[in-house]
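So the chains spell out like this:
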Protein chains: 2
Amino acid sequence: MMKLDARRRILLRTVVEEHVRTAEPVGSEHAALRGRLRVSPATIRSALASMEELGLLTHPHTSAGRIPTDRGYRVYVDMLPKADPLSSSARQKIRRRLGDPAEEPGDVVNDAARMLAGMTGYASVVAAPGLQEQMFGSLHLVPLGEQRALAVIATDSGALQGHSIELPEGVAPDDLEHLSRAITHRLQGSRVGDLTHQRLEQVLGEACHHHRWLEEVKAWLWRNLAQGIRPQIRVAGARHLLAEPEFKSPDRATRLFEALEDESALVGMLAAVPDEGVWILIGEENPHEQLRACSLVMSAYRAGDRRGTIAILGPTRMRYRRAVTAVRFVAESLSEAMRSSA
Amino acid sequence: MMKLDARRRILLRTVVEEHVRTAEPVGSEHAALRGRLRVSPATIRSALASMEELGLLTHPHTSAGRIPTDRGYRVYVDMLPKADPLSSSARQKIRRRLGDPAEEPGDVVNDAARMLAGMTGYASVVAAPGLQEQMFGSLHLVPLGEQRALAVIATDSGALQGHSIELPEGVAPDDLEHLSRAITHRLQGSRVGDLTHQRLEQVLGEACHHHRWLEEVKAWLWRNLAQGIRPQIRVAGARHLLAEPEFKSPDRATRLFEALEDESALVGMLAAVPDEGVWILIGEENPHEQLRACSLVMSAYRAGDRRGTIAILGPTRMRYRRAVTAVRFVAESLSEAMRSSA
DNA sequence: GCTGGCACTCTGGGCGGAGGAGTGCCAGCC
DNA sequence: GGCTGGCACTCCTCCGCCCAGAGTGCCAGC
């Protein structure tokens, strides 16, 4: 733990907040004024210099003011008060919009993403609850014309995956019906993430050992269940980032947007978020190289027995307090909305 | 129809293609050289001046070369040869990637979007086939625990929409089963887009007149079917546009990205694309104000009896030939892939 | 430990001039 | 009539320059 005296703490906070506000380096005089420190700029300067030695601040060139380093932001963030109130009008707006029971689950995710982006002025990333942690509900094989069937997996919380599969000749609708029931019966209540290939083999074997076309159902089930269905991901408000001075150079912006289009990387990052609390990644701490100029403020939410994640992505020079408040509250509201509806 | 003599046609083509290549205004000498016209620059100048009077060209300031106007691009595009070959290696790659029968329909759409963007270096927009033009296949009401059911609509081509609905007390699984069958039986084969609210009322009335919870099923059916389910839309490669000089100013870029996040506007634009052929919107022709600096190259594709749309979005200073070739071929491949698999 | 003073450094903006690209027009030629 | 070379003109862009300003580090003194 970094130990800083009161003055240095105030200075760190002041430098961070002023830099975040103006995107400019903060000079000693300005910092003294803003921090309401009644000492001379020269004194401030020596304090700033010591914090620079600690690696919390830098300056871009000899005669410029100070800007925080990633470590500086980290210490600042860790100093932040845990709870921060949100205006009650904002709370209501969010609750109302997310709580609408007429909405599809997919729409809720979209809404949440758009709201987060709108509230903070940064980009947001929202991952819908994945199937992994859900309970298997039922499998339905529905005949579709000639030699085709629609296979639908439903989990007990209402998520669906569907696919049409080809059948060999001579499969009667009753066969399908029978197989559906058998599989449903045997898998019901298993956690989707727990299904192994063996288990599947076994279940299908028991259910019905004389159909060759089982192979196709099996392959498909396997792909859809155990192999980890990518959670649906939604990015919103990326455009806000273009307004930030750190992304005014086209190739920085390009790299950023490349990263945002790389869904699997995003999924990976979000998967690492702990179940409780707001998690923050600052600059260099970010595993994704393309996002080293960014910070992420993330939180998981719960939808029944499923888990989803939301995040805000902005420059390291980010309004962390606001972001944390927004993320925390939206995550809570989302959990609530998911509990009451689907 | 704009009538241009051979020289002017060559000049228009040269100016457009050179400007597209370099993003710079094209001078008379350069144009003469590139167009292999064996006349002096002075002659070229007078021809260029006349085309400026026709509104096909402008120059940004007195001593600069010519750049095409939107009308200039339009005439250029209309002069383009209809068919343009695509290298056979590229064809194969596309076919292989889209044709993989193991893929989910949603993935095919994603792949198509990514490929279009990659091939052209612009952004792509792909709309998955909507339900409107599909045939109703079946409705399944699946009991989910206590007072909850999962309602799944399937069309005959395998598309799904699912939602969980709340049930009043006293609904037995058999009721659900019965209702599912009744509704399926009555609606099967209807075009989804043709279902009216009345028709729905009537069918539900016939199917079962004593359940109050029908209201909920009905509302949901109506929302999902007749009210036009927004087709799933996918934008890819938006980052490429950041590299284009016309979007290097952050606020232009911002406006562009705003437009790209406005899904309903995109859906609207794509809906207007005719069933056959490649459709092009250039700059001012674009109904969407935010996209006046862009051109769109679009084509519909068929997936059984459904219709989807693909588009490339780039600056007006766009490689139209390449874009047209890519869009045409991907649309064809997509139609093929959809025919053979789902 | 704090302060004012001072020399130093580096950036960013404004200015002016040179260079160059390209135009329009015109008189002459085929 | 269409094409040409010549010419004057316009306007942008780049470059070097300088200066003001902001902010620093250090030091001697309280």
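(A) Representation of the overall build of chain A in the model. When helices and strands are counted, chain A shows 13 helices and 10 strands. Per-residue burial over chain A gives 51% buried out of 342 residues. Surface summary for chain A: the accessible area is close to 15900 Å², and the carbon and sulfur share equals 49%.

(B) Structural detail: empty space enclosed by the protein. Under the criterion given, the structure shown has 2 cavities of 30 Å³ or more. Looking at the largest cavity, its volume works out to about 70 Å³. Lining the largest cavity, in full, are L242, F247, K248, P250 and A253 of chain A together with L242, F247, K248, P250 and A253 of chain B. The set of elements that each furnish at least two residues to the lining of the largest cavity consists of α11 (250–261) of chain A together with α11 (250–261) of chain B. In the lining of the largest cavity, the residues fall into 8 nonpolar, no polar and 2 charged.

(C) Representation of the protein's contact with DNA strand C in the model. Taken together, 18 residues form the shell around DNA strand C, and within it S40, T43, T62 and S63 of chain A together with S28 of chain B come nearest. Near the protein, meaning within 4 Å, the atoms of DNA strand C are sugar or phosphate in a fraction of 75%, with bases accounting for the rest. At 3.2 Å, a side-chain N or O of S63 of chain A approaches a base oxygen of DNA strand C. Interatomic distance of 3.1 Å between a side-chain N/O atom of R66 of chain B and a phosphate oxygen of DNA strand C. Here the element with the most residues in the surface near DNA strand C is helix α3 (residues 41–53) of chain A; it accounts for 3 residues.

(D) Geometry of the protein's contact with DNA strand D. Of all residues adjacent to DNA strand D, which total 19 residues, the nearest are S28 of chain A together with S40, T43, T62 and S63 of chain B. In the interface set of DNA strand D, defined as its atoms within 4 Å of the protein, sugar plus phosphate atoms amount to 76%. Between DNA strand D and R45 of chain A there is a distance of 3.1 Å, counted from a base nitrogen to a side-chain nitrogen or oxygen. Backbone polar atom of A64 of chain A to a sugar or linking oxygen of DNA strand D: 3.4 Å apart, as the coordinates give it. For the surface near DNA strand D, the leading source of residues is helix α3 (residues 41–53) of chain B, giving 3 residues. In terms of residue class, the surface near DNA strand D is built from 3 nonpolar, 11 polar and 5 charged.

(E) Region of interest: the packing of helix α1 (residues 6–22) of chain B against α3 of chain B. All names here are of chain B. Where α1 meets α3, the axes come as close as 10 Å, and the angle between the chain directions of the two elements is 85 degrees. Regarding the angle of α1 to α3, the classification is roughly perpendicular. Of α3, the residues touching α1 (which contributes R7, R8, L11, L12 and V15) are T43, I44, A47, L48, S50 and M51. Broken down by class, the residue content of the contact of α1 with α3 amounts to 7 nonpolar, 2 polar and 2 charged.

(F) Expanded view of helix α1 (residues 6–22) of chain A. Residue and element names in this part refer to chain A. With 17 residues, α1 ought to run about 24 Å at 1.5 Å a step, and its terminal C-alpha atoms sit 24 Å apart, in line with that. When we look at burial in α1, the residues that qualify are L11, L12, T14, V15, V16, E18, H19 and V20. At its buried positions, α1 is contacted by α2 (28–34), α3, β1 (57–58), β2 (67–68) and α4 (70–79). At the exit of α1 stands A23, carrying a positive phi of roughly 65 degrees.

(G) The arrangement of the packing of aromatic side chains in detail. All names here are of chain A. The full count for this structure, using the stated rule, is 3 aromatic pairs over all chains. Between Y73 and Y320, the aromatic rings sit 5.8 Å apart at their centres with planes inclined by 50 degrees, giving tilted as the arrangement. One end of the pair, Y73, is in helix α4; the other, Y320, is in helix α13 (residues 320–340), and 247 residues separate them in sequence. The exposure classification of Y73 matches that of Y320, with both residues buried.

(H) Molecular detail of the nonpolar core. Y320 of chain A together with Y320 of chain B are the most contacted members of the largest nonpolar core, which has 159 residues in total. Here Y320 of chain A is in contact with Y73, Y76, V77, L80, I280, I282, S295, V297 and P315 of chain A, once residues within four sequence places are set aside. F136, L141, A149 and L204 of chain B belong to the second largest nonpolar core, which has 18 residues in total.

(I) Molecular detail of the sheet that holds strand β10 (residues 306–315) of chain B. Residues and elements named next belong to chain B. A sheet is described by the order of its strands in space; here 5 strands give the open sequence β7-β3-β10-β9-β8, paired in antiparallel fashion. Edge positions in the sheet fall to β7 (233–236) and β8 (278–282), since each of these pairs with one other strand and no more. Averaged over all pairs of adjacent strands, the angle between strand axes in this sheet comes to 15 degrees, irrespective of strand direction. Direction of pairing for strand β3 (residues 123–127) relative to β10: antiparallel, over a ladder of 5 bridges.

(J) Structural view of the environment of F136 of chain B. Residue placement: F136 of chain B occurs in strand β4 (residues 136–143). A sequence separation of 20 residues divides F136 of chain B from D156 of chain B, and the C-alpha atoms of the two residues are 6.2 Å apart.

(K) Representation of the pairing of strand β9 (residues 294–303) of chain A in the model. Residue and element names in this part refer to chain A. Within β9, 9 of the 10 residues are buried, which leaves it mostly tucked inside the rest of the structure. The pairing of strand β8 (residues 278–282) with β9 spans 5 bridges and is classified as antiparallel. By the bridge assignment, V278 is partnered in β9 with S299. As paired strands, β9 and strand β10 (residues 306–315) are joined by 10 bridges and run antiparallel to one another. By the bridge assignment, C294 is partnered in β10 with P315.

(L) Seen up close, the sheet that holds strand β7 (residues 233–236) of chain A. Residues and elements named next belong to chain A. If you walk across this open sheet you meet the 5 strands as β7-β3-β10-β9-β8, and the pairing is antiparallel. Pairing within the sheet leaves two strands with one partner each, and these edge strands are β7 and β8. Averaged over all neighbouring strand pairs, the angle between strand axes comes to 15 degrees, with direction disregarded. Against the sheet, helix α12 (residues 263–271) contacts β3 (123–127), β7, β9 and β10, and its axis sits at roughly 100 degrees relative to β7.

(M) Examining helix α7 (residues 173–187) of chain A more closely. Residues and elements named next belong to chain A. Spanning 15 residues, α7 covers 21 Å between terminal C-alpha atoms, matching the ideal 21 Å at 1.5 Å per step. Of all the residues in α7, the buried ones are L176, L179, S180, A182, I183, T184 and L187. With its phi angle positive at about 90 degrees, G189 sits one or two positions after the end of α7.

(N) Representation of the pattern of salt bridges. Residues and elements named next belong to chain A. For the structure on display, the rule yields 30 salt bridges over all chains. Across the pair D5 and R8 runs a salt bridge, and its minimum N-O distance is 3.2 Å. A salt bridge links D275 to R307; its shortest N-O distance comes to 2.5 Å. With D275 in the loop between α12 and β8 and R307 in strand β10, the pair connects residues that are 32 residues apart, well separated along the chain. Given the relative accessible area of 44%, D275 is considered partly exposed. If you follow the salt bridges from partner to partner, you end up with E18, R21 and R34 in one network.

Basis of the calculations
Residues numbered from 1 in each chain as written. Chains lettered and ligands numbered in written order. Predicted model: local features only at pLDDT ≥ 70, side-chain atom pairs only at ≥ 80, totals over all residues. Heavy atoms only, no water. Helix = DSSP H or I, 4+ residues; strand = E, 2+ residues; numbered from the N terminus. Buried < 20%, exposed > 50% of the residue type's maximum accessible area, 1.4 Å probe, protein only. Areas by Shrake-Rupley, 256 points an atom, 1.4 Å probe, with all protein chains shown as cover. 1 Å grid on protein atoms, 1.4 Å probe; cavity = no way out; pocket = protein on both sides within 12 Å on 5 of 7 lines; lining within 4 Å. Points joined across faces, edges and corners; volume = space filled by probe spheres on them. Nonpolar A, V, L, I, M, F, W, Y, C, P; charged D, E, K, R; others polar. Near = heavy atom within 4 Å. Polar contact = N/O pair within 3.5 Å; in protein donor to acceptor, adjacent residues only side chain to side chain. Axes fitted to C-alpha atoms, helices over the stretch in contact; angles between N-to-C directions. Parallel < 35°, antiparallel > 145°, perpendicular 65-115°, else oblique. Contact = heavy atoms within 4.5 Å. Expected span 1.5 Å × (residues − 1). Phe/Tyr/Trp six-rings, centres within 6.5 Å; stacked < 30°, edge-to-face > 60°. Core = buried A, V, L, I, M, F, W, Y, C linked by side-chain atoms within 4.5 Å. Pairing = 2+ DSSP bridges. Salt bridge = Lys/Arg side-chain N within 4 Å of Asp/Glu carboxyl O.

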